[in-house]
Amino acid sequence: MANIKMRAKLVGDITEIKLIINHPMETGRRKDDIGELIPAHFIQLVTAKLNDKTVLEMQWGTGISKNPYLTFYLNSAKLNDKVSINWVDNLGKTGDGEILVVAG
Amino acid sequence: MQRRYFLSIVLGSVTACLIAPINAFAAIWNKQAFEATKFSNAANDLAINNEVQSQDIDINAPDRAENGAIVQVEINSRIPNTESIAIFVEHNPTTLIGHFTFANGALPQLVIRIKMAETSDVKLVVKAGNQYFTAAKNVVVLENGCG
């Protein structure tokens, strides 16, 4: 899906995964131009998998910046392994993305 | 008998399809911890106790952030058997920022961008076995990022 941009690069034994998710991450405390509160809308759970094994399980609050950016690292990935991301937000909306590990 | 067997398969697979999307997220969002306004309450809700200061946790964050809406924080735990890291901003309206659990070769190391409402410590709590370790870094915020 287009809502996640990902990259996974293997350098030596370590794979660096960078990702950006398009998401407003509204806290529920911000007001719009006419002074009305903008309802909270933020990602709560994110799971990262290497092939089919979970490697990183995340719980996020409203304190993660808009369009969340994350880098994480694996010592268990090989070239062409699949790294995938799934998220669900407080409104029950979901998103996912996947990428193959390439040489850095 | 055969029909009953067939029905059990059909019903079984329908149930499996309904359950599968939920199972994709084994973790449950800790509502209480994320809604807590004080570090001590959020820490309690995450079962954090007796956390001790550690030199083996690195936090790399700017000394001064122009805009609190995007503060990049680099985190690394050198504590053996680190299982999870929780990030807190003590002076944010809600103090818990995120909770990260590592498995299957994920290193306890992250780069993430967070919001800061005002000047505050960014505090990390690392869980290793049954022990908790902590480190903090103060970030001066010039413009509120929580709105």
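Residues numbered from 1 in each chain as written. Chains lettered and ligands numbered in written order. Predicted model: local features only at pLDDT ≥ 70, side-chain atom pairs only at ≥ 80, totals over all residues. Heavy atoms only, no water.

Examining the overall build of chain A
At step 1: Looking only at helices and strands, chain A features zero helices and eight strands.
At step 2: Sequence-ordered secondary structure for chain A, helices as α and strands as β, is β-β-β-β-β-β-β-β.
At step 3: In terms of its C-alpha atoms, chain A occupies a principal-axis envelope of roughly 55 × 20 × 20 Å.
At step 4: The buried share of chain A, reckoned over its 104 residues, is 48%.
At step 5: Looking at chain A alone, contacts between residues at least 24 apart form 55% of all its contacts between residues at least 6 apart. (Helix = DSSP H or I, 4+ residues; strand = E, 2+ residues; numbered from the N terminus. Buried < 20%, exposed > 50% of the residue type's maximum accessible area, 1.4 Å probe, protein only. Contact = heavy atoms within 4.5 Å.)

Quick look at the overall build of chain B
At step 1: Per the secondary structure count, chain B includes three helices and nine strands.
At step 2: Taken from the N to the C terminus, the helices and strands of chain B come in the order α-α-α-β-β-β-β-β-β-β-β-β.
At step 3: A burial count over chain B gives 44% of its 147 residues as buried.
At step 4: In chain B, once contacts between residues fewer than 6 apart in sequence are set aside, the share between residues at least 24 apart is 63%.

Side note on the pattern of salt bridges
At step 1: One pass over the structure, following the stated rule, counts nine salt bridges over all chains.
At step 2: Residues A:Glu26 and A:Arg30 are paired through a salt bridge, measuring 2.7 Å at the closest nitrogen-oxygen approach.
At step 3: In this structure A:Glu26 comes out as buried when scored by relative accessible area, which is 11%.
At step 4: You can call A:Arg30 partly exposed: its relative accessible area is 36%.
At step 5: Several salt bridges converge on common partners, so that one network encompasses B:Asp56, B:Asp58 and B:Arg78. (Salt bridge = Lys/Arg side-chain N within 4 Å of Asp/Glu carboxyl O.)

Some details on the nonpolar core
Considering soluble globular proteins, one finds that nonpolar side chains tend to be buried as a cluster.
At step 1: A:Leu56, A:Trp60, A:Phe72 and B:Phe100 are the most contacted members of the largest nonpolar core, which totals 69 residues.
At step 2: In this structure A:Leu56 touches A:Val46, A:Thr47, A:Ala48, A:Leu70, A:Phe72, B:Phe100, B:Thr101, B:Phe102 and B:Leu110, once residues within four positions along its chain are discounted. (Core = buried A, V, L, I, M, F, W, Y, C linked by side-chain atoms within 4.5 Å.)

Here we look at the interface of chain B and chain A
At step 1: Taken together, the contacts link 34 residues of chain B with 35 residues of chain A.
At step 2: Counting across the chain B and chain A interface gives zero salt bridges.
At step 3: The interface formed by chain B and chain A contains 17 residue pairs in polar contact (both at pLDDT 80 or more).
At step 4: Breaking the side of chain B that touches chain A down by element, the ones donating at least two residues are β4 (71-77), β6 (96-102) and β7 (106-114) of chain B.
At step 5: Residue contributions to the side of chain B that touches chain A peak at eight residues, all from β7(B).
At step 6: A breakdown of the residues in the side of chain B that touches chain A according to their chemical character gives 22 nonpolar, 10 polar and two charged.
At step 7: As paired elements, strand β5 (residues 69-74) of chain A and β7(B) share four bridges and run antiparallel to each other. The residue of β7(B) that forms the bridge with A:Phe72 is B:Leu110. (Polar contact = N/O pair within 3.5 Å; in protein donor to acceptor, adjacent residues only side chain to side chain. Nonpolar A, V, L, I, M, F, W, Y, C, P; charged D, E, K, R; others polar. Pairing = 2+ DSSP bridges.)

With respect to the confidence of the model for chain B
At step 1: The predicted model of chain B averages 89 in pLDDT, with 80% of residues at 70 or higher.
At step 2: The complex model carries a pTM of 0.88, and its ipTM stands at 0.95. (pLDDT = per-residue confidence, 0-100.)

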